[in-house]
Amino acid sequence: MNYQDSVNWMFKQLPMYQNKGKSAYKVDLSNTILLAKHLNHPEKHFKSVHVAGTNGKGSTSHMVASILQEAGYKVGLYTSPHLKDFRERIKINGKEISKQFVIGFIERNLTFFKENQLSFFEMTVGLAFDYFKKQNVDIAIIEVGLGGRLDSTNIITPEISVITNIGFDHMKFLGNTYEAIAKEKAGIIKSNIPVIIGETQEETKDVFIKISEEKSSEIYFADQLIKQDFESDLKGIYQKHNIKTAVQTIKLLNTNKSFLISNQQIVDGLKNTIRNTGLKGRWQILQNQPKIICDTAHNKEGLTIVMEQIKSEEFNKLHIVFGVVSDKDLGSILPVLPKQVRYYFCKPNIERGMDVNILKNQFLENGFIGESYNTVNEAFNSAIQHASPNDLIYVGGSTFVVAEII
C-alpha cells in the first residue's frame, strides 16, 4: 500500500468518530491495552503530558509543545482531529510524521488490526505512541480525543494531567450535566500525578477536588495561580485561559529536575506557537477586505466566546458560513448566535455532517435569515460575493467546515 491507500484503509475499514459518531465510540480500553502489549508498550518509553477538556485542549497542547521546543526539547505532539492531512495528528517539533512511517506501521500490523477489529482512533493512538518511542522524544503532549476515562490515550502515566474546562459537548457519551462530564474527563487523573485545572467552575470544582484527593494527586487551578499576563500568536480572546493553563503546566514541569524552562522561553514559545507547531483554525484571519475569520469553536461555550469577540471587530455587515455535525444540539447553540445577520448554511463533507436543509429549517424556525448551499465552498464563495470590502465573514460551527476552506 502507498500512503493514501494506508490512510484510506484506516478511514474506511474501521469506525472513525470523525465520520461515524457514536458507533465509533468504544466503551472500554481493552483493545488499546491489547494493542499496546502487541507493540511492546511504547507508552512506557517516553514522558508525557495528558490534556483533556471540552474547549481549549488543542490550543493548550500546542502552546505547551511550543514552549518546550523553545527550551530545546524534542517534543512529540498528538492531537485530533486533523484539518487537511491525517499526519497533522502526529508531530515532532512541528514536523508531521513521515508518510513512510505510516505505511510501514499499517503494513507491519495489518493482520493484528483485522483480527482484533481495532477502531480508527485505537490504531492512530498506537501509531503515535510507537512513533514517539522510536524517535526517542524527550516528552510528548497527548491530547485526549473524547472524554477522558475511556479515551484510547488513557493508557499513559503522564508527568502531569491537564483538564482545561468543562462544557456541554458529546453528551451522548459523557453525560448531560457538568458534574457527569467532569467525572469522565477526570478519568485521566492518575494516582500521585499532579493535575492542573484550567478554569475554576463552580459546577465542577468540587468534583475535581474530590477525585484528586482520592487519587492523592496535587491539584492546581491555573486561573487562580497565574497572575502574569502573557501574549500569544493565537489571538482569540478565549486563549487567555489556555495561556494560563499552559504556563502552569510548564511551571510544574520545571519543578521536575528533568526539565528546565526559562521565563523567556515561555514568552517565546507562546508568541511562536503557530510557527513552531503549525496550528491552524483558531481565530485565524484568512484575508482582509472583506475580512474573513475562521474558528473551530463548535459548542455553546466556544461559540459564546467567539461571538463576543466578533462584537469587538469593526465591520459594516456580518456574514456567517455555518455548518455542524448531525449529533450537535442546536438548541444549546442557537441562543448564542446573532440573528440580524446573513447565514450561509452548509454541510461539511463527512458522513456525520448535519443535512443542510434540517440545519436551515431549524435556524429559520427560530428567526434567523439565510440560504442553504450544496457544499461548504459554495456557501463560502456566495458569502464572498455578497460581502462588501468593509464587511466581515465568519466561517465556523464545526472543525470540518473550517477544514474545507483553509
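Moving on: the overall build of the protein. Of regular secondary structure, the protein possesses 18 helices and 14 strands. Against the globule reference of 22 Å for 406 residues, the protein gives a C-alpha radius of gyration of 21 Å, in line with a compact fold. Counting only C-alpha atoms, the protein reaches 55 × 50 × 35 Å along its principal axes. Within the protein, the fraction of its 406 residues that count as buried is 59%. Considering only contacts in the protein between residues 6 or more positions apart, those separated by 24 or more positions represent 77%. By element, 46% of the accessible surface of the protein is carried by carbon and sulfur atoms, the whole surface being about 16900 Å². Here the protein contributes 47 positively and 44 negatively charged side chains, and the mean placements of these two sets differ by 3 Å.

Here the focus is empty space enclosed by the protein. In the structure shown here, the tally under the stated rule is one cavity of 30 Å³ or more. Its boundaries defined by the atoms lining it, the largest cavity holds a volume of some 40 Å³. In terms of lining residues, the largest cavity is bounded by Thr32, Leu35, Ala36, Pro42, Glu43, Val125, Gly126, Phe129 and Ile155. Counting residues per element, the ones that place at least two in the lining of the largest cavity are α3 (30–38) and α6 (120–134). Grouping the amino acids of the lining of the largest cavity by side-chain chemistry returns six nonpolar, two polar and one charged.

A few words now on the sheet that holds strand β12 (residues 342–345). One open sheet holds the six strands; their spatial order is β9-β10-β14-β11-β12-β13, and the pairing between them is mixed. A single partner strand is all that each edge strand has here, and the edge strands are β9 (284–287) and β13 (369–372). Strand-to-strand twist in this sheet, taken as the mean axis angle between neighbours without regard to direction, amounts to 25 degrees. Here strand β10 (residues 291–294) runs beside strand β14 (residues 392–396); their pairing, made up of four bridges, is parallel. Residue pairing across strands places isoleucine 293 opposite tyrosine 394, the latter belonging to β14. Where helix α14 (residues 300–311) meets the sheet, its contacts fall on β11 (318–322) and β14, and the angle it forms with β14 comes to roughly 170 degrees. Along the sheet face, helix α16 (residues 356–365) touches β11, β12 and β13 and points at about 170 degrees away from the line of β13.

Quick notes on the rules
Residues numbered from 1 in each chain as written. Predicted model: local features only at pLDDT ≥ 70, side-chain atom pairs only at ≥ 80, totals over all residues. Heavy atoms only, no water. Helix = DSSP H or I, 4+ residues; strand = E, 2+ residues; numbered from the N terminus. Rg over C-alpha atoms; globule rule 2.2 N^0.38 Å. Buried < 20%, exposed > 50% of the residue type's maximum accessible area, 1.4 Å probe, protein only. Contact = heavy atoms within 4.5 Å. Areas by Shrake-Rupley, 256 points an atom, 1.4 Å probe, with all protein chains shown as cover. Lys, Arg positive; Asp, Glu negative; His and termini not counted. Charge placed at Lys NZ, Arg CZ, Asp CG, Glu CD. 1 Å grid on protein atoms, 1.4 Å probe; cavity = no way out; pocket = protein on both sides within 12 Å on 5 of 7 lines; lining within 4 Å. Points joined across faces, edges and corners; volume = space filled by probe spheres on them. Nonpolar A, V, L, I, M, F, W, Y, C, P; charged D, E, K, R; others polar. Pairing = 2+ DSSP bridges. Axes fitted to C-alpha atoms, helices over the stretch in contact; angles between N-to-C directions.

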